[in-house]
Amino acid sequence: MNKPITYAYLETTNYCNLECSFCNRDEVIGALNHMPIPKFREMMEKIKHHPIKEAKLMGMGEPMLHPQFDEIVQIFKEYFPNAFLIVATNCQYTIQNGTKLRERFQHALNYIDLLYFSIDGYGESYERDRSPAKWSRLLTFLKDFKEMDRRGCRVTCNYVVNPQNVSDIQRVSDEIVDGYGLEELRLNIAQDWSSDKSLPGGYTKKQLSYLKSWGDNVKGKNEWDFEDCFWVNEAIYTTVEGNIKMCCMNTGAKPFGNIFETDLEDIRNSVDYQNVKLGCNTNNPTSHCKNCSYKELVPMLQEIQMV
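## Observations regarding the overall build of the protein
- The helix and strand inventory of the protein stands at 12 helices and nine strands.
- Since a compact globule built from 307 residues should have a radius of gyration of about 19 Å, the 19 Å found for the protein is in line with a globular shape.
- Dimensions of the protein along its principal axes, counting C-alpha atoms only, are 50 × 50 × 35 Å.
- When the accessible area of the protein is evaluated, it comes to approximately 14,000 Å², of which 47% is carbon and sulfur surface.
- The distance from the centre of the 35 positive side-chain charges to the centre of the 42 negative ones in the protein is 1 Å.

Written as structure tokens, this is what we have:
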């Protein structure tokens, strides 16, 4: 029997204004699409009976590019008023006074509990890894945001660490997190989502030692095995088309079904879905999970986080 879903990761757009070095969106997305409001409501109807405690409205696109994203988050909270809602944004757009996007952004803050500002590196390294992002555009965004009423929304800096931007962590902490009153610097070790495992790796001992000094900020579990995976038991991941995949760690996997075409429980009870679930629960992963990038991070996280 399947457990109720307590965690939802829902993609409402696959439009993006960046081509980040660590993102595999070009390999996995279909036609560019914003999820229409009626479709989003239909999805909410299909999952409303589940006790969702936490949700992320993001995926392979920039959420704020959805022309009705403020309505999206409002609708989500109508269905799940007690769920903790997280959204990530790349900050590479204008929220100046008088713009419609600022109005939508401000309205959305009423319903978002935690907003991640995705800022990886400082200056040149930021622009390199988040091309064609501009550092100057980010600073303009932050200046305009600093004047905003946050409506109780917590805001943090989400920093994807790679060997080329380790040395920028302190500057981002001092000038961005402290300088603009953000709550926390979250450090995430870069995960290899590319199909050919081609993303940069190879931290030096000096870099690992430096990251260890930031151990409290480094996110992820240093003790984890496949049997600890919550995705297979009580989570849902949907693309903008409504395709259901097992998790956001394997975005290139074949969908198990489409929530708009097949009953959700029928999808979760399908042979393929149950095989992946059984493989993780027995710590004997199927081919779907064998190359899990989260699992690959455990040894590094042990070295960084453990005293």
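## Quick word on the packing of aromatic side chains
- The tally for this structure, following the rule as stated, stands at 19 aromatic pairs.
- Measuring from ring centre to ring centre gives 5.3 Å for Y93 and F141, while their planes differ by 80°; the resulting arrangement is edge-to-face. Of this pair, Y93 sits in the loop between β3 (84-89) and α4 (100-108) while F141 sits in helix α6 (residues 135-146), placing them 48 residues apart in sequence.
- Given the relative accessible area of 7%, Y93 is considered buried.
- Centre to centre, the rings of F230 and W231 are 5.2 Å apart; their planes meet at 25°, and the pair counts as stacked.
- Judged by its relative accessible area of 35%, F230 falls in the partly exposed class.
- The buried category is assigned to W231, whose relative accessible area is 5%.

## Observations regarding the environment of K290
- Among the structural elements, K290 can be located in the loop between α11 (271-281) and α12 (293-305).
- The exposed category is assigned to K290, whose relative accessible area is 58%.

## Section: the confidence of the model for the protein
- Averaged over every residue, the pLDDT of the protein is 93; residues scoring 70 or more account for 96%.
- Taken together, the stretch residues 192-200 has pLDDT below 50 and engages in 23 contacts with residues farther than four places along the chain or on a different chain.

## Comments concerning the nonpolar core
- One finds F76, F105, L115 and F117 to be the most contacted residues of the largest nonpolar core, which totals 102 residues.
- Among all residues touching F105, those that are not within four sequence positions of it are M64, Y93, I95, L115, F141, F145 and M148.

## Quick look at the environment of G202
- You can see G202 is positioned in the loop between β6 (185-189) and α8 (205-212).
- With a relative accessible area of 64%, G202 lands in the exposed category.
- Sequence separation between G202 and R128 is 74 residues; the distance between their C-alpha atoms is 18 Å.
- G202 has contacts with P163 and Q207, leaving out every residue within four places of it along the chain.

## Brief notes about the pattern of salt bridges
- In total, this model carries 12 salt bridges according to the counting rule given.
- The salt bridge partner of R171 is E175, with a shortest N-O separation of 3.6 Å. With R171 and E175 both in helix α7 (residues 169-178), this residue pair falls four residues apart, about one helical turn.

## Regarding the pairing of strand β2 (residues 54-57)
- Strand direction decides the pairing type here: strand β1 (residues 7-10) and β2, joined by four bridges, are parallel. Residue Y9 lies in a different strand from β2, and its bridge partner there is K56.
- Summarising the sheet, β2 and β3 pair through three bridges and their orientation is parallel. Each bridged residue has a counterpart across the sheet, and for E54 the counterpart in β3 is F84.

## Considering the sheet that holds β3
- If you walk across this open sheet you meet the nine strands as β6-β5-β4-β3-β2-β1-β7-β8-β9, and the pairing is mixed. Here the strands that pair on one side only, and so sit at the sheet edges, are β6 and β9 (257-258).
- As defined by bridge partners, strand β5 (residues 154-161) adjoins β6 across five bridges and the pair is classed as parallel. Bridging from a neighbouring strand, V160 pairs with N188 of β6.

## Digging into unusual backbone geometry
- Omega for the bond connecting S131 with P132 falls within 30 degrees of zero, at 0°, which places this linkage in the cis form.
- Mapped onto the secondary structure, P132 falls in the loop between α5 (124-129) and α6.
- A positive phi angle is found at R151, which is not glycine, with a value near 55°.
- Looking at the element boundaries, R151 is found in the loop between α6 and β5.
- For R151, a relative accessible area of 37% puts it in the partly exposed group.
- One non-glycine residue with positive phi stands out, namely N283, at about 60°.
- Judged by its relative accessible area of 31%, N283 is partly exposed.

Here is what the cut-offs are and how they apply
- Residues numbered from 1 in each chain as written.
- Predicted model: local features only at pLDDT ≥ 70, side-chain atom pairs only at ≥ 80, totals over all residues.
- Heavy atoms only, no water.
- Helix = DSSP H or I, 4+ residues; strand = E, 2+ residues; numbered from the N terminus.
- Rg over C-alpha atoms; globule rule 2.2 N^0.38 Å.
- Areas by Shrake-Rupley, 256 points an atom, 1.4 Å probe, with all protein chains shown as cover.
- Lys, Arg positive; Asp, Glu negative; His and termini not counted.
- Charge placed at Lys NZ, Arg CZ, Asp CG, Glu CD.
- Phe/Tyr/Trp six-rings, centres within 6.5 Å; stacked < 30°, edge-to-face > 60°.
- Buried < 20%, exposed > 50% of the residue type's maximum accessible area, 1.4 Å probe, protein only.
- pLDDT = per-residue confidence, 0-100.
- Contact = heavy atoms within 4.5 Å.
- Core = buried A, V, L, I, M, F, W, Y, C linked by side-chain atoms within 4.5 Å.
- Salt bridge = Lys/Arg side-chain N within 4 Å of Asp/Glu carboxyl O.
- Pairing = 2+ DSSP bridges.

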